[in-house]
Amino acid sequence: MAETLLEVKQLTNFINGVWGESGGKTTAVINPATGETVVEVPLSGAESVNEAVAAAKRAQKEWALVPAPQRAEVLFRVGTLLKERKEKLSQLLTMENGKVIEEARGEVQEGIDMAFYMAGEGRRLFGQTTPSELKDKFAMSVRAPVGVVGIITPWNFPIAIATWKSFPAIVAGNAVVWKPATETPIMAYELAKIFEEAGLPKGVINVVFGSGSTVGDAMVEHDDIRVISFTGSNDTGRNIAGKCGQQLKKVSLEMGGKNAVIVMDDADLDLAVEGILWSAFGTSGQRCTACSRVIVHEAVKERLEERLLVAMEGLTIGNGLDETIKVGPIINKSGLEKIKSYIEIGKNEGAKMLAGGYVMDEGAHAEGNYFAPTLFTDVTEDMRIGQEEIFGPVVSLIPVKSFEEAIEVNNGVTYGLSSSIFTGDVNRVFKAQRDLDTGIVYVNAGTSGAEIHLPFGGTKGTGNGHRDSGVAALDVFTEWKAVYVDYSGKLQRAQIDVE
Ligand code: NAP
């Protein structure tokens, strides 16, 4: 099927508006649902990064002078092309990443929404005007582009996250060097083609394929890259942050989560079950916002367990291209091994496993990387399965006695990405949205479902204070510049010549 959707057998870098030559060192992109090779991707060296950064640096000077509403026109065309190709892109996305086709369509839609939203920023990019403390003096702040931006993205949202980062960067007048995850490079190839067709000047976006340790590291170390915007694991993020810190380079990090759904004693349990199922097992639990803990009031624990078990029986697991499938494969064998190891950890810690807990490798599942949706109960806050990111279809029920305890358990992890509460009590709703220490809070919905015009990111170990998406994303890709215009015709000294 890949042959009919992809016109190439090997992807190539896109640098300075030119597609590279095939050949050189490559690695296979494997469909996690079938084990088949979809395409080969280059493993570029640091010299490709140097070439891409040089092209971006040249292009950015011109691009920054294009009026922002005209820069936005390119994004409008990108949005239209994404829309036209939505089905093809969704199928390719399912093939490289494994997520079920319905979710792949949702992810591409996120890119479409982001294109039109950020294109609108071309006519906003608001700064502020404010009175000066001096007579006949004007004061304002404006956003200035940063220069060359380095974008490093993970495999679990291969197109959405790239659009959260590249679209605001481009509309703000920067040029981009993008290293997509080696597991999922096809969306990067397709998006670069769309940028090209939309008429983005050469060099404004450059895609370099290759490993994190070579290409990613060369980007982080490059003097001419002024911002690194990274989404991925905490270990990699910490490493990147350390290196950027040494260079005084701006860095935006979006990393892991240990997200919880709180189910109170007055919750609509059927709704809570739907929310948990969607956020724990959607994308096979491989979302940064996946629900990995359910903090349940003891009064409804047993009823919730029963209903969850019944609902889990209805989950169909298999190749996500089949429209009837609800849960797709795990990205690769090492992901499967990691999930398996957490099952053992949970059992050894004394948690009770109510369902799942095994690799599915028979019959229709023999060739792919499938893990059975898993439910642990009687998990305590201090257990590793209650603290660490598993990144698979595994959810842990933690019983609590009160609303206050639920909030405390939610906040008692090192991450702070997303949280949710199911309750009918308006007072609890407002206390919860105030006290849950996460960047995203849902009420009567699961832990996933971000919309692109709101900020996306987390507190504590999830990030370093920046946000993707929404207008907040512009803060990553712009510098604030304060401008004072004195039209008094004399020297006026602030704080001194004030009457
Ligand atoms: P990862 O291993 O950290 O990889 C992320 C990206 O970093 C990949 O492109 C990777 O390249 C690159 N990389 C690896 N080592 C590098 C280095 N030394 N220098 C520079 N770049 C390097 O993470 P992942 O396993 O792909 O993604 C899963 C993680 O992402 C989870 O923890 C999840 O929670 C998090 N995530 C967070 C958000 C959020 O917004 N908070 C959203 C989605 C995912 P290679 O692919 O070539 O190794």
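The shown structure was predicted, so the numbers you read here are calculated from the model rather than taken from an experiment.

**Re the overall build of the chain**
Each helix and strand in the chain was counted, giving 15 helices and 23 strands. In terms of C-alpha radius of gyration, the chain reaches 24 Å, essentially the compact-globule figure of 23 Å for 499 residues. Overall, the chain is about 80 × 65 × 40 Å in size when its C-alpha atoms are taken along their principal axes. Taking all 499 residues of the chain together, 57% fall into the buried category. When contacts within the chain are restricted to residue pairs at least 6 apart in sequence, long-range pairs at least 24 apart make up 75% of them. Accessible area for the chain stands at about 20,400 Å²; split by element, carbon and sulfur atoms hold 51% of it.

**Considerations on the sheet that holds strand β13 (residues 291-297)**
Across the sheet, which stays open at both edges, the seven strands sit in the order β14-β17-β18-β13-β12-β20-β21 with mixed pairing between neighbours. The open sheet has two free edges, formed respectively by β14 (352-355) and β21 (440-443), since each of these has just one partner strand. Geometrically, the sheet is characterised by an average inter-axis angle of 20° between neighbouring strands, direction not taken into account. With four bridges joining them, strand β12 (residues 259-263) and strand β20 (residues 418-422) adopt parallel strand pairing. Residue pairing in the sheet places Ala 260 in a bridge with Ser 419 of β20.

**Remarks on the sheet that holds strand β6 (residues 137-145)**
An order of β5-β6-β23 is seen for the three strands of this open sheet, with the pairing classed as antiparallel. For this open sheet the edge positions go to β5 (128-131) and β23 (478-486), each flanked by a neighbour on one side alone. The mean angle between the axes of side-by-side strands here comes to 20°, regardless of whether they run parallel or antiparallel. Judged from the nine bridges that link them, β6 and β23 form a sheet pairing that is antiparallel. Bridging from a neighbouring strand, Ala 144 pairs with Glu 479 of β23.

**Looking at the UniProt feature "domain: Aldehyde dehydrogenase" (unreviewed entry) in the chain**
Residues annotated in UniProt with the feature "domain: Aldehyde dehydrogenase" (unreviewed entry) correspond here to residues 19-483. Note that residues 19-483 is 39% helix and 22% strand, and that its end C-alpha atoms are spaced 41 Å apart.

**Observations concerning the packing of helix α3 (residues 68-84) against helix α6 (residues 160-171)**
Contact pair α3 / α6: the axes reach a minimum separation of 9 Å and the direction vectors enclose 150°. For the element pair α3 / α6, the angle class is roughly antiparallel. Note on element contacts: α6 touches α3 through Phe 167, Ile 170 and Val 171, opposite Ala 68, Arg 71, Ala 72, Leu 75, Val 78 and Leu 82. Residue composition of the contact of α3 with α6, grouped by class: eight nonpolar, no polar and one charged.

**Topic: a negative patch on the surface**
A cluster of acidic side chains, namely Glu 381, Asp 382, Glu 405 and Glu 408, defines a negative patch on the protein surface. Summarising the element assignment, Asp 382 is placed in the loop between β17 (374-377) and β18 (394-400). With relative accessibility at 64%, the residue Asp 382 sits in the exposed group.

**Things to note about the pairing of β12**
Look at any regular strand and the pattern is simple: side chains alternate between the two faces of the sheet. Among the five residues of β12, five are classified as buried, and the element is accordingly described as predominantly covered. Where burial is concerned, the two faces of β12 agree: the one with Asn 259, Val 261 and Val 263 and the one with Ala 260 and Ile 262 are both buried. In the sheet, β12 pairs with β13 via five bridges, with the strands oriented parallel. Bridge pairing links Val 261 to Val 294 in β13.

**Description of the site of the ligand**
If you check the shell around the ligand, you find 29 residues, and the closest are Thr 153, Thr 182, Ser 233, Met 255 and Glu 389. Within the backbone of Gly 212, an N or O atom sits 3.1 Å from an oxygen atom of the ligand. Between the ligand and Glu 389 there is a distance of 2.6 Å, counted from an oxygen atom to a side-chain nitrogen or oxygen. For the ligand, whose free accessible area comes to 910 Å², the fraction covered by protein is 86%. Residue assignment for the shell around the ligand shows that the elements contributing at least two residues are α8 (212-221), β10 (225-231) and α9 (234-247).

**A word on the side chain of Asn 259**
Inspection of the secondary structure assignment puts Asn 259 in strand β12. Classification of Asn 259 as buried rests on a relative accessible area of 2%. If sequence neighbours within four positions are ignored, Asn 259 has contacts with Cys 288, Thr 289, Ala 290, Cys 291, Ser 292, Arg 293, Leu 417, Ser 418 and Thr 447.

Conventions we followed
- Residues numbered from 1 in each chain as written.
- Predicted model: local features only at pLDDT ≥ 70, side-chain atom pairs only at ≥ 80, totals over all residues.
- Heavy atoms only, no water.
- Helix = DSSP H or I, 4+ residues; strand = E, 2+ residues; numbered from the N terminus.
- Rg over C-alpha atoms; globule rule 2.2 N^0.38 Å.
- Buried < 20%, exposed > 50% of the residue type's maximum accessible area, 1.4 Å probe, protein only.
- Contact = heavy atoms within 4.5 Å.
- Areas by Shrake-Rupley, 256 points an atom, 1.4 Å probe, with all protein chains shown as cover.
- Pairing = 2+ DSSP bridges.
- Axes fitted to C-alpha atoms, helices over the stretch in contact; angles between N-to-C directions.
- UniProt positions renumbered as here; feature names shortened; annotations may be inferred.
- Parallel < 35°, antiparallel > 145°, perpendicular 65-115°, else oblique.
- Nonpolar A, V, L, I, M, F, W, Y, C, P; charged D, E, K, R; others polar.
- Patch = residues over 30% accessible without salt bridge, like charges linked within 9 Å, V, L, I, M, F, W, Y side chains within 5 Å.
- Salt bridge = Lys/Arg side-chain N within 4 Å of Asp/Glu carboxyl O.
- Lys, Arg positive; Asp, Glu negative; His and termini not counted.
- Charge placed at Lys NZ, Arg CZ, Asp CG, Glu CD.
- Near = heavy atom within 4 Å.
- Polar contact = N/O pair within 3.5 Å; in protein donor to acceptor, adjacent residues only side chain to side chain.

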